[in-house]
Amino acid sequence: GAGVSQSPRYKVAKRGQDVALRCDPISGHVSLFWYQQALGQGPEFLTYFQNEAQLDKSGLPSDRFFAERPEGSVSTLKIQRTQQEDSAVYLCASSLGGRLHEQFFGPGTRLTVL
Amino acid sequence: AQTVTQSQPEMSVQEAETVTLSCTYDTSESNYYLFWYKQPPSRQMILVIRQEAYKQQNATENRFSVNFQKAAKSFSLKISDSQLGDTAMYFCAFMKHVNTGGFKTIFGAGTRLFVKA
């Protein structure tokens, strides 16, 4: 595809439900990042993949958050037993790799936990 | 820990005028990368400009330029000849290599810029 895509664009979950958010990066992009963006704030780093390897997951807020990228392309961010404080926009970004390459962002998934 | 501070929550500028958005950061690293990203109301974030910390020359991209002061840990964005399409949230970001082999990017809280006709 032409850019990074994310699905669903909007997700409403009841507290305690599990959710899965999908990211399709630009084809050939090695690096993939997940961010959490609260309303009116800047994105906060969650996790980073280089191909299929999750090299940094230090930003995941709790063990309810889990991310995978099993074949080095599509990635899924899973949140178990959602809580109201998980409500945010979840952004995915990909890059060719390396610090010199810009990150291309997807449109985000807006998660609302009731 | 690294932090990125944008002290101006909101700014406005008249069309065709020049505006400067400020950003300061805190790090003990010597090698890192700085970025300005733009997030229009549609929410898809795009890169405006980047600067490698080891380069002394300030980066420039058309109407956008930076004033990078490494010693002061300051990285401001200047937008010349402002256009209505520049209305957006602007985020300053710091990227560094981490010892796990990956990269971590830290964003500031953003500055909302309004360009008035």
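Here the structure is shown first, and the text comes after it.
Asker: Report on the overall build of chain A, specifying residues and quantitative values.
Answerer: Regarding its fold elements, chain A presents zero helices and eleven strands. Taken from the N to the C terminus, the helices and strands of chain A come in the order β-β-β-β-β-β-β-β-β-β-β. Rg of the C-alpha trace for chain A: 13 Å, near the compact-globule value of 13 Å for 114 residues, within the 12% margin. For chain A, the C-alpha atoms occupy an extent of roughly 40 × 25 × 25 Å along the three principal directions. Looking at chain A as a whole, 46% of its 114 residues qualify as buried. Taking the contacts inside chain A whose residues are at least 6 apart along the sequence as the reference set, 53% of them involve residues at least 24 apart. Here chain A displays about 5,400 Å² of accessible surface, and carbon together with sulfur accounts for 48% of that area.

Asker: Outline the interface of chain B and chain A, supporting the account with residue identities and numerical values.
Answerer: Listed per partner, the contact involves 24 residues of chain B and 26 residues of chain A. Note on chain B versus chain A: buried area summed over both sides is about 2,200 Å², and carbon and sulfur give 52% of it. Linking chain B with chain A are one salt bridge, by the criterion used here. A salt bridge links aspartate 56 of chain A to lysine 104 of chain B; the nearest nitrogen and oxygen atoms lie 4.0 Å apart. Remark: the boundary between chain B and chain A carries six residue pairs in polar contact (both at pLDDT 80 or more). Only strand E5 (33-39), strand E6 (46-52), strand E10 (88-97) and strand E11 (103-107) of chain B provide two or more residues apiece to the side of chain B that touches chain A.

Asker: Quick rundown of the packing of aromatic side chains? Include the residues and the values.
Answerer: Under the criterion given, the structure shown has 15 aromatic pairs over all chains. Geometrically, the ring pair formed by phenylalanine 33 of chain A and tyrosine 35 of chain A is stacked, given 6.1 Å between the ring centres and 15 degrees between the ring planes. Exposure class is identical for phenylalanine 33 of chain A and tyrosine 35 of chain A. Each is buried. Where phenylalanine 33 of chain A meets tyrosine 48 of chain A, the ring centres are 4.8 Å apart and the plane angle is 45 degrees; that geometry is what we call tilted. You can see phenylalanine 33 of chain A sitting in strand E4 (residues 31-37) and its partner tyrosine 48 of chain A sitting in strand E5 (residues 44-50), a full 15 residues away along the chain. Judged on exposure class, the residue phenylalanine 33 of chain A and its partner tyrosine 48 of chain A are both buried. An aromatic cluster of three or more residues is present, and its members are Phe33, Tyr35, Phe45, Tyr48 and Phe105 of chain A together with Phe35, Tyr37, Phe91 and Phe107 of chain B.

Asker: Lay out the side chain of lysine 96 of chain B in plain terms, naming residues and giving numbers.
Answerer: Residue and element names in this part refer to chain B. Position of lysine 96 relative to the elements: it lies in strand E10. By relative accessible area, lysine 96 is classed as buried at 15%. Not counting residues within four places of it along the chain, the set of residues in contact with lysine 96 comprises Gln2, Glu29, Gly102, Phe103 and Lys104.

Asker: Describe the side chain of aspartate 86 of chain A, naming the residues involved and giving the relevant values.
Answerer: All names here are of chain A. Its place among the elements puts aspartate 86 in the loop between strand E8 (75-79) and strand E9 (88-95). Assessed through its relative accessible area of 3%, aspartate 86 is described here as buried. A distance of 2.8 Å separates the side chain of aspartate 86 from the side chain of arginine 64, its partner in a polar contact. The contacts of aspartate 86, once residues within four sequence positions are left out, are Gln36, Arg64, Phe65, Ile79, Leu111 and Val113.

Definitions and cut-offs
Residues numbered from 1 in each chain as written. Chains lettered and ligands numbered in written order. Predicted model: local features only at pLDDT ≥ 70, side-chain atom pairs only at ≥ 80, totals over all residues. Heavy atoms only, no water. Helix = DSSP H or I, 4+ residues; strand = E, 2+ residues; numbered from the N terminus. Rg over C-alpha atoms; globule rule 2.2 N^0.38 Å. Buried < 20%, exposed > 50% of the residue type's maximum accessible area, 1.4 Å probe, protein only. Contact = heavy atoms within 4.5 Å. Areas by Shrake-Rupley, 256 points an atom, 1.4 Å probe, with all protein chains shown as cover. Buried area = accessible area lost by both parts, 1.4 Å probe. Salt bridge = Lys/Arg side-chain N within 4 Å of Asp/Glu carboxyl O. Polar contact = N/O pair within 3.5 Å; in protein donor to acceptor, adjacent residues only side chain to side chain. Phe/Tyr/Trp six-rings, centres within 6.5 Å; stacked < 30°, edge-to-face > 60°.

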